[in-house]
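Structural overview
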Protein chains: 2
Amino acid sequence: MKDLRINGDRLWNRIHSMAKIGATPNGGVHRLALSQEDKRSRDLFIKWGQSIDCKTRVDAMGNIFVRLEGTKRNLPPILFGSHLDSQPTGGKYDGSLGVLAGLELLETLRENSIDLEYPLELVSWTSEEGSRFSPAMISSGVFGGVFSLDYAYSIKDKRRVSLKEALEKIDYLGSSTPFGRIYSGFFELHIEQGPILEKEKKSIGVVKGVQGIRWYELSIKGQEVHAGPFPMKIRRDPVRVLPKIISALYHLEKEFGSDTRITIGDISVHPGVCNTVPGEIKFTLDLRHPNSEVMDGMNQRIRQLVENENQESSLYLSHQELWYCPPAKFDLQCINAVKDAAKRLNYSFIEMFSGAGHDAVYLSRVTPTAMIFIPCKDGISHNEKESITRSDAIRGTNVLLHSILNYINQLKS
Amino acid sequence: MKDLRINGDRLWNRIHSMAKIGATPNGGVHRLALSQEDKRSRDLFIKWGQSIDCKTRVDAMGNIFVRLEGTKRNLPPILFGSHLDSQPTGGKYDGSLGVLAGLELLETLRENSIDLEYPLELVSWTSEEGSRFSPAMISSGVFGGVFSLDYAYSIKDKRRVSLKEALEKIDYLGSSTPFGRIYSGFFELHIEQGPILEKEKKSIGVVKGVQGIRWYELSIKGQEVHAGPFPMKIRRDPVRVLPKIISALYHLEKEFGSDTRITIGDISVHPGVCNTVPGEIKFTLDLRHPNSEVMDGMNQRIRQLVENENQESSLYLSHQELWYCPPAKFDLQCINAVKDAAKRLNYSFIEMFSGAGHDAVYLSRVTPTAMIFIPCKDGISHNEKESITRSDAIRGTNVLLHSILNYINQLKS
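All chains use their own residue numbering, which begins from 1 and follows the written sequence. Each chain takes a letter, starting from A, and each ligand takes a number, starting from 1, following the order in which they are written. Only residues with pLDDT of at least 70 are given local features in this predicted model, and only at 80 or more are side-chain atom pairs given and counted; all residues enter the totals for whole chains, interfaces and linings. As a convention, hydrogens and water are excluded, and side-chain values are obtained from all of the structure's heavy atoms.

1. Details of the side chain of Asp38(A)
Residues and elements named next belong to chain A. A helix here means a DSSP run of H or I that spans at least four residues, while a strand means a run of E at least two residues long, and both kinds are numbered starting from the N terminus. Along the polypeptide, aspartate 38 turns up in helix H2 (residues 36-51). The classification of residues rests on relative accessible area computed with a 1.4 Å probe and restricted to protein chains. Under 20% of the type maximum is buried, over 50% is exposed, and intermediate values are partly exposed. Its relative accessible area of 2% is what places aspartate 38 among the buried residues. The contact definition used throughout considers only heavy atoms, calling two residues in contact when any of these lie within 4.5 Å. Once you skip the residues sitting within four places of it in the chain, aspartate 38 turns out to touch Arg31, Leu32 and Ala33.

2. Focus: the packing of helix H8 (residues 238-256) of chain A against helix H8 (residues 238-256) of chain B
Lines fitted to the C-alpha atoms define the axes, with helices restricted to the stretch that makes contact. Angles between their N-to-C directions range from 0 to 180 degrees. Put simply, H8(A) and H8(B) touch, their axes get as near as 9 Å, and they point 150° apart. When the interaxial angle is binned, H8(A) and H8(B) end up roughly antiparallel. In this structure, H8(A) meets H8(B) at a crossing whose hand is left-handed. For the pair formed by H8(A) and H8(B), the contact residues are Val239(A), Arg240(A), Leu242(A), Pro243(A), Ile246(A), Ser247(A), Tyr250(A) and Glu253(A) on the first element and Val239(B), Arg240(B), Leu242(B), Pro243(B), Ile246(B), Ser247(B), Tyr250(B) and Glu253(B) on the second. Split into classes, the residues belonging to the contact of H8(A) with H8(B) amount to 10 nonpolar, two polar and four charged. Angular relationships are summarised with four words: roughly parallel below 35 degrees, roughly antiparallel beyond 145, roughly perpendicular across 65 to 115, and oblique for the angles in between. With the far helix as reference, a near helix turned anticlockwise by less than a right angle produces a left-handed crossing, and one turned clockwise produces a right-handed crossing. Each residue gets one of three labels, nonpolar for Ala, Val, Leu, Ile, Met, Phe, Trp, Tyr, Cys and Pro, charged for Asp, Glu, Lys and Arg, and polar for the others, Gly among them.

3. With respect to the side chain of Ser381(B)
Residue position: Ser381(B) is located in the loop between strand S16 (369-374) and helix H12 (390-412). Each residue touching Ser381(B), except ones within four places of it in the same chain, is listed here: Glu224(A), Val225(A), His226(A), Asp94(B), Ile191(B), Gln193(B) and Glu386(B).

4. Brief notes about the packing of aromatic side chains
Working definition: a ring pair exists when centres of Phe, Tyr or Trp rings (six-membered ring for Trp) sit within 6.5 Å. Plane angles under 30 degrees give stacked, over 60 give edge-to-face, the rest tilted. Applying the stated criterion across every chain yields a total of 18 aromatic pairs over all chains. With a centroid separation of 6.0 Å and 15° between ring planes, the pair formed by Trp12(A) and Tyr93(A) is classed as stacked. With a gap of 81 residues between them, Trp12(A) in helix H1 (residues 8-18) and Tyr93(A) in the loop between strand S3 (78-83) and helix H3 (96-111) connect regions that are remote in the sequence. Grouping residues by exposure puts Trp12(A) and Tyr93(A) together as buried. The interplanar angle of 70° and the centroid separation of 6.2 Å between the aromatic rings of Trp125(B) and Phe186(B) together place this pair among those described as edge-to-face. Of this pair, Trp125(B) sits in strand S4 (residues 120-125) while Phe186(B) sits in strand S5 (residues 185-191); the two residues are 61 residues apart in sequence, bridging distant segments of the chain. A relative accessible area of 1% means that Trp125(B) is categorised as buried. Taken together, the ring pairs connect Phe65(A), Trp125(A), Phe143(A), Tyr183(A) and Phe186(A) into an aromatic cluster.

See below:
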């Protein structure tokens with residue numbers, strides 16, 4: 001099996017067929033979780049799964065599983081996969097690569113008539129991105145016991161549609177239990193979404209863990225008055241203090257070092273009219289760091305900033321933590337399975353941490369887990385310009401295949 | 001006629017009956033131009049106009065006129081009024097006061113059987129606020145020859161509905177020509193929407209002119225990337241430069257003095273997702289000053305700011321002027337008619353400039369014009385908390401009545 005390789009043309013064609021669903025004029029995809037576009041991508045994925053003679057199953061979170069039976073049916077399966085939903089203006093490879101690489105891997109085993117002892121299951125997780133239903137990675141979170149099913153069902157999008165209603169609407173509310181299931185391990189292939197592999201001229205990232213992520217919503221409340229007659233000096237204008245608050249937040253990078261990531265991704269103003277001094281500004285804050293003590297230190301700084309500002313100012317600043325996903329460390333045996341695969345395939349690689357959250361984070365809480373990264377052009381992701389090379393996609397998929405073969409050998413020995 | 005006074009109860013009741021249309025839970029009104037709420041307020045206004053036996057007329061901009069015939073029918077009428085549309089979360093008195101005071105004035109003349117030589121026309125202007133259809137004061141602008149009718153018809157709201165379509169939809173697209181008409185003068189009673197009268201403890205503001213207003217949209221373009229993996233130092237994050245730009249804009253007040261008004265009323269972020277570094281920020285800027293040279297000086301500073309920023313930064317800053325309404329100076333004879341009315345009625349008053357734009361600005365280009373202000377609580381307007389006292393409303397309406405009577409006497413002499 002050492003010489004086994006996946007079919008690169010078939011992989012690359014499937015990736016670009018999938019990218020037609022929700023394709024945007026600028027070359028990206030718009031395939032929000034549980035939208036009509038998401039439904040079409042799911043239907044196609046299931047069709048492909050069945051075409052290679054695998055059983056498909058949808059669970060109560062809408063996660064889709066494609067199973068290749070093992071010679072020993074009762075062994076806990078090896079799980080691998082990613083997600084098919086996208087950001088509002090996302091790229092063609094984020095998520096899709098990991099799912100379709102999984103499909104290619106199964107087809108390669110099938111056509112080479114290779115029977116493994118362990119059952120294999122390929123999964124496409126529901127609503128990884130979190131851009132329609134926040135928080136992100138909700139269904140792997142339910143799978144990993146981090147969120148309750150009731151909580152996940154109750155999450156609403158901006159139009160007040162609940163996740164459960166959205167599952168029903170596209171007919172993907174399955175029946176099997178979406179948590180508490182036993183697997184032998186989980187592997188996820190993904191684009192890096194950052195510039196490090198490209199800069200270091202490496203083909204494969206052996207991912208040892210993932211940065212912690214904390215999401216906040218901050219609000220500055222002032223007084224809504226008319227833009228004309230009200231003298232500047234007696235206004236309580238929240239926009240006027242925004243520069244100070246934003247600057248203080250970006251200053252966290254200086255204090256906590258260059259592994260810190262600070263993103264203010266959305267700002268909204270109420271009532272949001274040209275000739276009215278706003279009564280309130282709200283904005284999101286996404287903070288990341290690989291070290292959990294640093295994550296706690298930054299959280300404390302934000303509390304202090306809010307307290308200090310409220311003592312000094314006639315405006316009212318508040319903050320709310322929306323979500324916290326602590327830094328994850330992956331399983332040594334899984335990491336070694338990936339590293340050995342890259343070595344044997346003679347691909348250049350480095351060990352690294354992931355800057356983005358992935359379903360693998362929550363999986364790592366309930367089963368041995370590792371990830372494989374491939375480079376993406378200029379490190380750009382969550383963007384319609386997201387781009388990868390055909391040969392990197394093929395390398396990543398071969399590493400995924402051989403990581404799983406290595407891991408099964410380790411389990412047997 | 002010196003002792004003639006309006007009926008305060010009737011005025012106050014009408015104001016609060018009108019405020020029920022589009023009433024919000026917090027005591028304000030939501031009555032966007034040409035919405036269903038606006039239609040209901042128009043229907044009620046016309047019903048009231050007809051109930052006092054006046055002719056009503058709707059022109060091709062949807063402006064509503066209520067006419068009390070003069071003994072000399074051919075004299076150019078005296079015009080007065082304001083508007084019935086509101087901000088998204090506006091107050092009960094902004095606009096409505098001036099319209100319903102006009103109605104009360106007509107009814108007072110009717111029930112006292114007073115026949116004036118000059119015809120009187122009360123007007124309710126379409127879409128003064130500009131919050132659904134921008135720019136503001138569109139129909140008085142068409143009336144004053146500042147905007148063409150075709151331009152006004154083509155303006156679209158956020159849902160791409162044109163102003164003409166909106167007029168048709170609520171059945172208020174009349175036939176009479178909405179510009180080029182001859183009037184003897186125009187008077188507008190309005191709440192001050194600022195804190196000056198209250199601070200100076202005066203009942204009446206004799207308004208000599210209005211600040212100039214310039215609206216801009218500014219944009220900062222960066223690069224949309226993933227919030228996690230992309231190192232801070234190589235991001236092109238538009239939020240990061242926002243503090244510098246906003247601070248520079250507020251600095252205009254220091255340079256151009258305390259009559260300057262700077263308002264950033266709306267900010268929008270694209271794509272506006274928690275875990276994506278934004279590709280673009282857009283925001284509105286509303287600049288005001290009573291002096292037109294200062295208005296030009298500020299405009300030049302903004303151009304410089306944009307140029308300098310683009311030389312220094314890897315982001316792309318741009319600005320677009322959306323609208324400019326130069327400072328207005330009102331007619332001396334009209335101003336004196338208001339001042340004499342306040343004096344004879346024994347109400348305290350000051351002469352002042354308006355900080356807000358009003359339909360009177362564009363009217364002043366084609367007919368002698370003045371305005372009357374009354375105080376509003378804490379100067380708060382464009383806000384559901386907007387509040388005035390019953391006695392100030394009555395005083396303002398009596399001043400409107402006697403200003404018109406004075407003005408007619410002046411015209412005759």
